[in-house]
Amino acid sequence: MKKYKAIIIDDERNVREVLEHLLLQYCPSIEICGVASSAEEGRSLLKLHQVDFIFLDIRMPREDGFTFLRSIPAENYGIIFTTAYEEYALNALKANAIDYLLKPINNLELCEAVNKAVQYHDLRHTQSEILAIYKESLSNLIDYAHKEQPKIEKIAVAEQFGFRMVNVAEIMYLQADSNYTIIHLSGLNKIVATRTMSDFEKLLDPHAFFRIHKSTIINMNFLRAYSSYEGNFAELIDGTQLNISRRKLNEFREAVKSHSKSID
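What this report covers is the structure whose coordinates are included nearby.

Basis of the calculations
Residues numbered from 1 in each chain as written. Predicted model: local features only at pLDDT ≥ 70, side-chain atom pairs only at ≥ 80, totals over all residues. Heavy atoms only, no water. Helix = DSSP H or I, 4+ residues; strand = E, 2+ residues; numbered from the N terminus. Buried < 20%, exposed > 50% of the residue type's maximum accessible area, 1.4 Å probe, protein only. Contact = heavy atoms within 4.5 Å. Areas by Shrake-Rupley, 256 points an atom, 1.4 Å probe, with all protein chains shown as cover. Lys, Arg positive; Asp, Glu negative; His and termini not counted. Charge placed at Lys NZ, Arg CZ, Asp CG, Glu CD. Phe/Tyr/Trp six-rings, centres within 6.5 Å; stacked < 30°, edge-to-face > 60°. Lys NZ or Arg CZ within 6 Å of the ring centre and 35° of its normal. Pairing = 2+ DSSP bridges. Salt bridge = Lys/Arg side-chain N within 4 Å of Asp/Glu carboxyl O.

**Observations regarding the overall build of the protein chain**
Moving on, step 1. The helix and strand inventory of the protein chain stands at eight helices and 15 strands.
Moving on, step 2. Across its three principal directions, the C-alpha atoms of the protein chain cover 70 × 35 × 30 Å.
Moving on, step 3. Taking all 264 residues of the protein chain together, 48% fall into the buried category.
Moving on, step 4. Pairs at least 24 residues apart make up 57% of the contacts formed inside the protein chain by residues separated by at least 6 positions.
Moving on, step 5. Accessible area for the protein chain stands at about 14400 Å²; split by element, carbon and sulfur atoms hold 47% of it.
Moving on, step 6. In the protein chain, which carries 31 positive and 36 negative side-chain charges, the distance between the mean positions of the two groups comes to 3 Å.

**Considerations on the side chain of histidine 121**
Moving on, step 1. Looking at the element boundaries, histidine 121 is found in helix 5 (residues 107–124).
Moving on, step 2. Overall, the relative accessible area of 5% leaves histidine 121 in the buried class.
Moving on, step 3. Dropping the residues within four chain positions of it, histidine 121 is found in contact with Tyr4, Asp52 and Phe53.

**Here we look at the packing of aromatic side chains**
Moving on, step 1. Inspection of every chain in the model, using the stated rule, returns four aromatic pairs.
Moving on, step 2. Aromatic pair phenylalanine 210 and phenylalanine 252: ring centres 6.0 Å apart, planes at 50°, arrangement tilted. Here phenylalanine 252 lies in helix 8 (residues 249–262) and phenylalanine 210 lies in strand 11 (residues 209–213), a separation of 42 residues in the sequence. Summarising the burial analysis for this pair, phenylalanine 210 and phenylalanine 252 share the class buried.
Moving on, step 3. One aromatic cluster is present, formed by Phe210, Tyr226 and Phe252 through successive ring pairs.
Moving on, step 4. The side chain of arginine 195 reaches across the aromatic face of phenylalanine 200, ending 5.5 Å from its centre.
Moving on, step 5. The ring of phenylalanine 210 has lysine 248 sitting right over it, with the charged end atom 5.4 Å from the ring centre.

**Some words on the pairing of strand 11**
Moving on, step 1. By the criterion of burial, strand 11 is predominantly enclosed, with five of the five residues buried.
Moving on, step 2. In this antiparallel pair of consecutive strands, strand 11 and strand 12 (residues 216–219), the connection spans two residues.

**Regarding the pattern of salt bridges**
Moving on, step 1. For the structure shown, the criterion picks out 13 salt bridges.
Moving on, step 2. Among the ionic pairs, aspartate 10 bridges to lysine 103, the shortest N-O distance being 2.8 Å. Of the two residues, aspartate 10 sits in the loop between strand 1 (4–9) and helix 1 (13–26) while lysine 103 sits in the loop between strand 5 (99–102) and helix 5, which places them 93 residues apart along the sequence.
Moving on, step 3. Here lysine 248 ties to glutamate 251 by a salt bridge, and the two come within 3.8 Å at their closest N and O atoms.
Moving on, step 4. Judged by its relative accessible area of 14%, lysine 248 is buried.
Moving on, step 5. Among the charged side chains, a salt-bridge network with shared partners connects Asp10, Glu12, Asp57 and Lys103.

Here it is as structure tokens:
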């Protein structure tokens, strides 16, 4: 079995000890070569060891996890964030090609995160485009975390064989396809993403994206017209007509009014 070296950076001693124990018991491919209680100690460990993965706490005194990443060549490591704050930067983590664990850490979720991290670690070392996307994801995440009024502008979309960075402003509409989502972009391009549409709905700005049907979300910025002739349809600027469910119709009309006011 191939071994990967990792360090743990967390200011809470009990979290460090639990995580180290769980990794030893459930993740035999991971070899812990050091633990640190601060970002400063973490940098010292990186100088001493050839590290593959960093299990990194987000909130730490003096220097948080995002600031720490700015101080190192972060793209050289597989970063797995640990956080007890479900709301804190969680959307940014979900929007990027970054793994994370919520405290208290569950052994099943830990194994899943490690397996995925190992898979993409190997891809980054064999495919330059995957490395470039990972680097961009880290940069987006750090920028998001340090903005006063953060807004997700890019999403790392998981495809069958990797990731693609997508500008949110270019998404015209999304359609559910079982456990996949078809993302239709301006310019007639589309992507089949290996995430459910509900996952994307939680990430996208509710003021710009509206679910007109159980299987369709549209970007209101691309809406051209509404028609009730032989059904209820939203027409986008490229001529695409999408069905609006009857139970969503009144809510859709209100969303149109609200969106029109917001862009006046």
